[in-house]
Amino acid sequence: YDFRYRYEARGREEDGLEYNQNVLFVKDYVGAGGTVSIPEGTVYVDDNAFRDNAAITKLVLPEGLLRLFDDAFSGCVNLTDVTFPSSLKSLGARVFQYCGRDLATPFYFDLPDDMANVVKSQGGAHTFQDCNAILRVRRDTATARMLSDCNYSVTFPGEEDFRYRYEPVNGEYKLYLWNYVGSATAVTIPSVYGIGSTNYYNTAFRDNKAITKAVLPDGVVEVRDSAFYNCTLLTDVNFPSSLRVLKNHAFEKCGSASSARYYYVLPGGITEMTTGTGAGWDSFNDCAAVFVAPEGSSTCKLLSNGIYVHYHSLANAQAHADPHDPRTSADQDYRG
């Protein structure tokens, strides 16, 4: 008795229905709130059905539900727990606007694998506008890629310290780490193609004053603009052999607060590194690391272009107290 229904000829082909097929709508909710379980058989929840209901704290959506229309749960400011069915395909504009807005404790919306659409971040019609939920999905799912297309970042189960987005690269979706929100001093980054976002002021580890060690996983190809910018205690970085691209300010000012000598051992296959621009855009600008790169490699040539002192072996680098004079008769280490 807490629900008001209607059958309406509003079926949509993108939901797997016949055009204008009769479907069962929840049109309105008149219950007391708390935990609300929408009855089975419901196919759509209509515009504004639960809008501004501050009494709802938990919502269970039934299997078979296909779509939530505009503003269905907008203004449900205490709604932080939603069970999403695997059948769900589409979310309209502002469906979860303001949900959990004033609550400080993090909460997650665990979305199904095969959603087809949420309203994009255009014209203020965001599906999750001013909602504090963290969108959690499984890796390599249609939902994860679709949310990325719609300008939402996501996290994955067991990886809640990281925010990700999939982006098209040469016709394929590649996974990028957009943001780190943890507090660890030593961070092992999960498997990704790239590190950093396209937003200069909201990217990966920028301005992180806690991190001292970063392990970049095998498979990382690109470190974007300012991904580790101003991580002043970051002196220990594992650079994988897969790394090819270092963008503007990627490691600028890293380790600058450290008084001890430290080393960045770079792989030989780097093909793009921002160096020598004259505008302070170098990948390692104001980074006090001692660089090591294989002799004759493309990495060595790029370091030379940037006038970075570098050695050809870690042992030789460690044998010299003065990083500004690495030359020896036994080894052709040099500065550019």
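Residues numbered from 1 in each chain as written. Predicted model: local features only at pLDDT ≥ 70, side-chain atom pairs only at ≥ 80, totals over all residues. Heavy atoms only, no water.

A.B. asks: What am I meant to see in unusual backbone geometry here?
C.D. replies: Leave glycine aside and you will find that most residues have negative phi; peptide bonds, for their part, are mostly trans. For Asn20, which is not a glycine, the phi torsion comes out positive at approximately 60°. Within the secondary structure, Asn20 is located in the loop between strand E1 (3-9) and strand E2 (22-29). Overall, Asn20 belongs to the partly exposed group, its relative accessible area being 37%. Its identity as a non-glycine residue notwithstanding, Tyr98 has a phi of 70°, on the positive side. Position of Tyr98 relative to the elements: it lies in the loop between strand E8 (90-91) and strand E9 (108-110). For Tyr98, a relative accessible area of 26% corresponds to the partly exposed category. (Helix = DSSP H or I, 4+ residues; strand = E, 2+ residues; numbered from the N terminus. Buried < 20%, exposed > 50% of the residue type's maximum accessible area, 1.4 Å probe, protein only.)

A.B. asks: Whenever I open this one, the sheet that holds E1 confuses me. Can you help?
C.D. replies: Strand-to-strand pairing in sheets goes through backbone hydrogen bonds, with the strands running parallel or antiparallel. Strand order in the open sheet formed by 6 strands is E1-E2-E4-E6-E8-E10, with mixed pairing between adjacent strands. Here the strands that pair on one side only, and so sit at the sheet edges, are E1 and strand E10 (117-118). Summarising the sheet, E8 and E10 pair through 2 bridges and their orientation is parallel. Within E10, the position partnered with Leu91 by the bridge is Val118. (Pairing = 2+ DSSP bridges.)

A.B. asks: Explanation requested: the environment of Ala288 in the structure shown.
C.D. replies: If you trace the backbone, Ala288 turns up in the loop between strand E21 (272-273) and strand E22 (290-292). Taking the C-alpha atoms as reference, Ala288 lies 31 Å from Arg165; in sequence the two are 123 residues apart. Non-local contacts of Ala288, meaning those with residues more than four positions away in its chain, are made with Cys254 and Tyr262. (Contact = heavy atoms within 4.5 Å.)

A.B. asks: Would you take a moment to explain the pairing of strand E5 (residues 56-60) for this structure?
C.D. replies: Two faces make up the sheet, and in a regular strand the side chains alternate between them. Alignment of strand E3 (residues 34-37) against E5, held across 4 bridges, turns out to be parallel. The residue bridging Thr35 from the neighbouring strand is Lys58, located in E5. Pairing analysis gives 3 bridges linking E5 to strand E7 (residues 81-83), with the strands arranged parallel. Bridged to Leu59 within E7 is Val82.

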